[in-house]
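One-letter residues, chain by chain:
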Amino acid sequence: MDASKCTGCGTCMEACPVRYEVQLPETVKLARTAYAKATDEEVVADIIDRYREERGNLLPILLDINRQFNWLPRPALEHVADELGAPLTEIIRVASFYNAFSLVPRGKHIVNICLGTGCFVKGSPKLLDRLEKTLKIKHGQTTKDFLFTLEVVRCIGCCALGPALRVGADTYGRVSPEQVPEIIDSYRKSVSL
Ligand code: FES
């Protein structure tokens, strides 16, 4: 492929027989994925209906689906394309443009460790190290049971409470490395996939 000739039309995404296939390991069955449960299709349909009459509704629809599943499963994107009457290539182009969206499966709980300056100087690299050991993954990876995805972020808006981390919508400030296993365990206990 000659990348210099790419016009960004997205046609290759539609034609490519492997782009999505290679991203879906066997363990994806454990991920929260659209249509893995009987109710998933209804959830996606409800999200689409919520924004159906709005102009520029694609982004809010994708955001809600991403929030629901922690990523954008292919069947959900096809569902959106069908309902909005938009080409799948257009949906995928938007989905792959924004960092807010994931096109690969992520865990039920997204663990964000802040390495912004305010947290970094207060020791967040040690928290990252402890998180990687506790979860047995590197940042950017997802645990085999699809419970946790570990991601590095640059600020989560509570610099005065550094070092800080976030698990889903829960924020933890002034965290010591010794507290990390306890925090992670509390989510393991409450998990039901
Ligand atoms: S730098 Fe960590 S919350 Fe702002």
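Computed from a predicted model, the values in this text were never measured in an experiment. (Residues numbered from 1 in each chain as written. Predicted model: local features only at pLDDT ≥ 70, side-chain atom pairs only at ≥ 80, totals over all residues. Heavy atoms only, no water.)

## Some details on the nonpolar core
- Counting 22 residues, the largest nonpolar core has Ile61, Leu62, Ile65, Leu72, Leu77, Val80 and Ile91 as its most contacted members.
- Elements supplying a minimum of two residues to this core: α2 (40-51), α3 (58-69), α4 (74-84) and α5 (88-97).
- If near-sequence neighbours (up to four positions away) are discounted, Ile91 is found in contact with Leu58, Leu62, Leu77, Val80, Ala81 and Ala86.
- One finds Leu127, Leu128, Leu165 and Ile184 within the second-largest nonpolar core, a separate group that totals 18 residues. (Core = buried A, V, L, I, M, F, W, Y, C linked by side-chain atoms within 4.5 Å. Buried < 20%, exposed > 50% of the residue type's maximum accessible area, 1.4 Å probe, protein only. Helix = DSSP H or I, 4+ residues; strand = E, 2+ residues; numbered from the N terminus. Contact = heavy atoms within 4.5 Å.)

## As for the environment of Ile184
- Relative to the assigned elements, Ile184 resides in helix α8 (residues 180-190).
- Distance in space between the C-alpha atoms of Ile184 and Val111 is 9.1 Å, their sequence separation being 73 residues.
- If sequence neighbours within four positions are ignored, Ile184 has contacts with Val111, Leu131, Thr134, Leu135 and Phe148.

## Here's the deal with the sheet that holds strand β1 (residues 109-114)
- The 4 strands are arranged β2-β1-β3-β4 in an open sheet whose pairing can be described as mixed. Of all strands in the sheet, those with a lone pairing partner are β2 (148-153) and β4 (170-172), marking the two edges. Averaged over neighbouring strand pairs, the angle between their axes works out to 20° when direction is ignored.
- With 3 bridges connecting them, strand β3 (residues 165-167) and β4 associate as antiparallel partners. Bridge pairing in β4 places Leu165 opposite Tyr172. (Pairing = 2+ DSSP bridges. Axes fitted to C-alpha atoms, helices over the stretch in contact; angles between N-to-C directions.)

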